[in-house]
Amino acid sequence: MEIAIGWPLAIGLLLLVALGAGVALWGRLPIAKAIPWAAIRAGVQLLLVSFIVGFALSHWALAFAFVAVMFVVGVITTAGRTGIKGLQGHAAVALAMAAGAVPVLAIIFGTGTAPLTGASIVPIAGIIVGNMMSAHTLVGRRNFQELKARHDEYEAWLALGFERRRAIHNVVSPTIHEALIPALDQTRTVGLVTLPGAYIGVLLGGGSAWEAAAAQLLVLVGITAGQVCTAVAARWLSTKTWLLPPDLKAKLHA
């Protein structure tokens, strides 16, 4: 797959943005105005990143530094999406994401499955970190929604003599697995419904179909394992009340 940089690309992008924004506007979706700005922001960010990635690929230390910046941006983004405020809240978000990303990357690079080079660290770690961010956002939004909607149940657990952490655990546990469904579905249907980015990336880089399949399998299994760790860590941090929005923390008498 080759994309020619020129007027065809510009026209194609404009038409795609117009299609998304136009249908959202026609359907009265509140994101209509956000679509063009998201496209512009993505273009600017990718342009800047393209300059930086060249340096990051030259040495493994620079690659990890680049990934660290991505991790910080991911923490800030998912904290905003879930309503987390303050230093403690952001630290809890970082801990939840790290609980998924660190062991997965340690296994991948520690076992020598992927070489410790910038060309491997940036794409693999970037994918893993991005998916930990997504998992945390899904877990957090659902957990906090459950705690607000089922506050009476939470109070009932307390009335039965359960500690606050156990009451929170009992309320959020039945739905926590739903945040993991997208990754599981992608793993189950890979090659049948879609060919994800890692597979295409290896092929575009000149690798064989077998190498592409191995890379994609490694990434998908890593994402699934990491998201499980992030989800469980986020639940534990929530039961400790470290990972709760301020309004919900007050409501739960934390």
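Anyway, here's the lowdown on the structure attached to this text. The structure presented is a predicted model; accordingly, all values stated were derived computationally and were not measured.

Some words on the overall build of the protein chain
- Scanning the protein chain for helices and strands turns up 11 helices and 0 strands.
- Secondary structure of the protein chain in N-to-C order comes out as α-α-α-α-α-α-α-α-α-α-α.
- Put simply, 65% of the contacts in the protein chain that link residues at least 6 apart link residues at least 24 apart.
- On the protein chain, roughly 14,800 Å² of surface is accessible, and the fraction owed to carbon and sulfur atoms is 71%.

Observations regarding helix 1 (residues 7-26)
- Here helix 1 contains 20 residues, and its C-alpha end-to-end distance of 28 Å stays within 8% of the 28 Å for a straight helix at 1.5 Å per residue.
- Within two residues after helix 1, arginine 28 carries a phi angle of roughly 60°, on the positive side.

Some remarks on the pattern of salt bridges
- For the coordinates displayed, the defined rule picks out 6 salt bridges.
- In this structure, the salt-bridge partner of arginine 142 is glutamate 146, at a minimum N-O distance of 3.1 Å. Of this pair, arginine 142 and glutamate 146 are both found in helix 5 (residues 118-149), 4 residues apart, which corresponds to roughly one turn of the helix.
- Put simply, glutamate 163 and arginine 165 hold a salt bridge, and the shortest N to O gap is 3.1 Å.
- The structure contains a network of salt bridges with shared partners spanning Arg142, Glu146, Arg150, Glu153 and Glu178.

Digging into unusual backbone geometry
- Unlike most non-glycine residues, arginine 28 shows phi in positive territory, near 60°.
- When you line up the elements, arginine 28 lands in the loop between helix 1 and helix 2 (34-56).
- You will see that threonine 241, though not glycine, has its phi angle at about 65°, which is positive.
- For threonine 241, the location among the structural elements is in the loop between helix 10 (209-239) and helix 11 (246-251).
- Threonine 241 gets classed as buried once you look at its relative accessible area, which sits at 9%.

Concerning the packing of aromatic side chains
- This model, assessed by the stated rule, comprises 4 aromatic pairs.
- With a centroid separation of 6.2 Å and an interplanar angle of 80°, the aromatic rings of tryptophan 60 and phenylalanine 64 are classed as edge-to-face. Here tryptophan 60 and its partner phenylalanine 64 are both found in helix 3 (residues 60-82), 4 residues apart, which amounts to about one turn of the helix.
- Residue classification places phenylalanine 64 among the partly exposed positions, given a relative accessible area of 30%.
- Measuring from ring centre to ring centre gives 4.9 Å for tryptophan 157 and phenylalanine 162, while their planes differ by 85°; the resulting arrangement is edge-to-face.
- Residue classification places tryptophan 157 among the partly exposed residues on the basis of a relative accessible area of 24%.
- With a relative accessible area of 34%, phenylalanine 162 lands in the partly exposed category.

Considerations on the side chain of threonine 239
- You can see threonine 239 is positioned in helix 10.
- Given the relative accessible area of 7%, threonine 239 is considered buried.
- In contact with threonine 239, other than residues within four places in its own chain, are Arg165, Ile168 and His169.

Quick notes on the side chain of asparagine 170
- Mapped onto the elements, asparagine 170 comes out in helix 7 (residues 164-172).
- Overall, asparagine 170 belongs to the buried group, its relative accessible area being 16%.
- Not counting chain neighbours up to four residues away, the residues in contact with asparagine 170 comprise Arg150, Glu153, Trp157 and Phe162.

What counts and what doesn't
- Residues numbered from 1 in each chain as written.
- Predicted model: local features only at pLDDT ≥ 70, side-chain atom pairs only at ≥ 80, totals over all residues.
- Heavy atoms only, no water.
- Helix = DSSP H or I, 4+ residues; strand = E, 2+ residues; numbered from the N terminus.
- Contact = heavy atoms within 4.5 Å.
- Areas by Shrake-Rupley, 256 points an atom, 1.4 Å probe, with all protein chains shown as cover.
- Expected span 1.5 Å × (residues − 1).
- Salt bridge = Lys/Arg side-chain N within 4 Å of Asp/Glu carboxyl O.
- Buried < 20%, exposed > 50% of the residue type's maximum accessible area, 1.4 Å probe, protein only.
- Phe/Tyr/Trp six-rings, centres within 6.5 Å; stacked < 30°, edge-to-face > 60°.

Taken by themselves, the reported measurements are silent on function.
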